[in-house]
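# A look at the structure
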Amino acid sequence: MWPRRWRVRAHDGGFTFIELVVTVAIVAVLASVALPLASLSVQRVKESELRRGLREIRSAIDAYKRAFDEGRILRKADETGYPPDLSVLVRGVVDSKRPDGARIYFLRRLPRDPFFPDPDTTPERSWGLRSYASPPEAPAPGADVFDVYSLAPGVGLNGIPYRDW
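Report on the accompanying structure. This is a predicted model, so every value here is computed, not measured. (Residues numbered from 1 in each chain as written. Predicted model: local features only at pLDDT ≥ 70, side-chain atom pairs only at ≥ 80, totals over all residues. Heavy atoms only, no water.)

## Quick look at the overall build of the chain
The secondary structure content of the chain amounts to two helices and four strands. Against the globule reference of 15 Å for 165 residues, the chain gives a C-alpha radius of gyration of 29 Å, more extended than a compact globule. By principal-axis analysis of the C-alpha atoms, the chain measures approximately 105 × 40 × 25 Å. Across the 165 residues in the chain, those meeting the buried criterion constitute 29%. Once local pairs closer than 6 in sequence are excluded, the contacts in the chain between residues at least 24 apart make up 46%. Looking at the chain as shown, the accessible area adds up to about 11500 Å², and 59% of this sits on carbon and sulfur atoms. (Helix = DSSP H or I, 4+ residues; strand = E, 2+ residues; numbered from the N terminus. Rg over C-alpha atoms; globule rule 2.2 N^0.38 Å. Buried < 20%, exposed > 50% of the residue type's maximum accessible area, 1.4 Å probe, protein only. Contact = heavy atoms within 4.5 Å. Areas by Shrake-Rupley, 256 points an atom, 1.4 Å probe, with all protein chains shown as cover.)

## Quick notes on a nonpolar patch on the surface
Taken together, the side chains of F17, I18, V21, V22, I26 and L30 define a hydrophobic patch exposed on the protein surface, amounting to about 620 Å² of accessible area. Along the chain, I18 falls in helix 1 (residues 17-69). Residue classification places I18 among the exposed residues on the basis of a relative accessible area of 59%. (Patch = residues over 30% accessible without salt bridge, like charges linked within 9 Å, V, L, I, M, F, W, Y side chains within 5 Å. Salt bridge = Lys/Arg side-chain N within 4 Å of Asp/Glu carboxyl O.)

## A word on the side chain of S150
Among the secondary structure elements, S150 is positioned in strand 4 (residues 147-150). One polar contact links S150 to D113, side chain to side chain, over a distance of 2.6 Å. A polar contact is formed between the side chain of S150 and the backbone nitrogen of A152, at a distance of 3.1 Å. (Polar contact = N/O pair within 3.5 Å; in protein donor to acceptor, adjacent residues only side chain to side chain.)

## Observations regarding the environment of V93
Topologically, V93 is positioned in strand 1 (residues 93-94). Each C-alpha atom, one on V93 and one on I61, is 13 Å from the other, the two residues being 32 residues apart in sequence. With near-sequence residues (within four places) excluded, V93 lies in contact with Y64, I73, V88, A102, R103, I104 and F106.

Here you go:
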C-alpha cells in the first residue's frame, strides 16, 4: 500500500503550478512562430494585389494605345497615343468609328496601390506616373501616361523594390 501522502484522492483535481507554466510557455512559443507567418501572409496578399493592379492598368494603357493606332480615338498632331491621365481609362473616350457616338471604356474602376499609406487618397493619386517623354531610370509625369509604378518605399519578397515592378 502507498503511503498516505502519495495517494491521489478523487476530489484533488486541477493543474499544478508547474503544469500551468509549461502550458503557457508552449502557447507562447507557438504564438511567436505564428505571428511572423501571419504578417508574411498579409504582405503576400498585398503584393498579389499590387501585381494585379499594375497588370490591369498597364493592359488598359496598351488597349488605349491600340485604339489610338487603329484610329478609334480622335488624333491631335502633338499626341503620342497614350492616355492623358488615368481617369480617361475609366471615363472612356468617344469611338470615332461609330456614328452613334458610343464610348470605349478601358477599365471598370481604377485599382489603388495596396501599399499606398493614405487610404483617403483617390486611386489615381496612389500611383506614380511615367510619361512617354521621361526615361525609364527616372520616371516623371508629363503630358501622357506611358506607364505606372508603385510609390511604396519597400522591397518585395522577391528582393525587388516595389517601385521597379
